[in-house]
Amino acid sequence: MKPTGRAVAAAATALAQSYHSYKDMDCQALVERAVRNAGGSMDYRGSNHMARSVAWLGTIENAQAEGKLKPGELLFIHEEDESGLPAQYQGDGLGDFSHVGLYVGENALTDTDKHGKRRECDVVHSSQSMGRVCGSTLKNGWTHVGLAKEIDCGIEVPDGVSLSQEIAQAEADGKTSETFIAIQ
């Protein structure tokens, strides 16, 4: 049974409220631990693997417009520079999703930023620069939303439709795979 998005968001918030260092739990491990703590299962090989395995992927703006930004959704940072992209993903047209976190809901967590200033947060991630699992805001570089197949956020995604099928359809409609992510 898949955990609800709200249960995953609550588990991620609890992880942010108890100290976990980045060395102990990187961004992928944080998302997987939150899903497991909420009663689910998830196993990936990094943020690029996660981004390529979601049931739906789009920009934050499109997710908000379509009502797909809900607690428990994956958030990604998409890099224009693909120099850090693992070899197995080079040439697929999706680019580099260098970081993953979880949307936990508007102002769901209070945390401190890099300067020690307290702020309301709506994202939980494991930050290398902060050295720990922490809160963040949507304005902190997050570019894309992904609907994980392992989390029930109450959004219907057609069975059997993969991201690669969606890209193939976009290309058939005259859109390149490079622009697909931006137009979702």
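Scroll up to find the structure.
Residues numbered from 1 in each chain as written. Predicted model: local features only at pLDDT ≥ 70, side-chain atom pairs only at ≥ 80, totals over all residues. Heavy atoms only, no water.

A. Representation of the pairing of strand β3 (residues 96-103) in the model. Where burial is concerned, most of β3 is hidden: seven out of the eight residues are buried. Of the pairings in the sheet, the one linking strand β2 (residues 74-79) to β3 comprises six bridges and is antiparallel in character. Bridge pairing links I77 to H99 in β3. Judged from the two bridges that link them, β3 and strand β6 (residues 123-127) form a sheet pairing that is antiparallel. (Buried < 20%, exposed > 50% of the residue type's maximum accessible area, 1.4 Å probe, protein only. Helix = DSSP H or I, 4+ residues; strand = E, 2+ residues; numbered from the N terminus. Pairing = 2+ DSSP bridges.)

B. Structural view of the pattern of salt bridges. In the structure shown here, the tally under the stated rule is three salt bridges. Residue K68 pairs with E66 through a salt bridge whose shortest N-O separation is 3.1 Å. Looking at E66, the relative accessible area reads 43%, which means it is partly exposed. Notably, a salt bridge pairs D111 with R132, separated by 3.2 Å at the nearest N-O pair. With D111 in strand β4 (residues 109-112) and R132 in strand β7 (residues 132-136), this pair connects stretches of sequence that are 21 residues apart. Judged by its relative accessible area of 10%, D111 is buried. (Salt bridge = Lys/Arg side-chain N within 4 Å of Asp/Glu carboxyl O.)

C. The arrangement of unusual backbone geometry in detail. Although it is not a glycine, N107 sits at a positive phi angle of roughly 55°. Position of N107 among the secondary structure elements: in the loop between β3 and β4.

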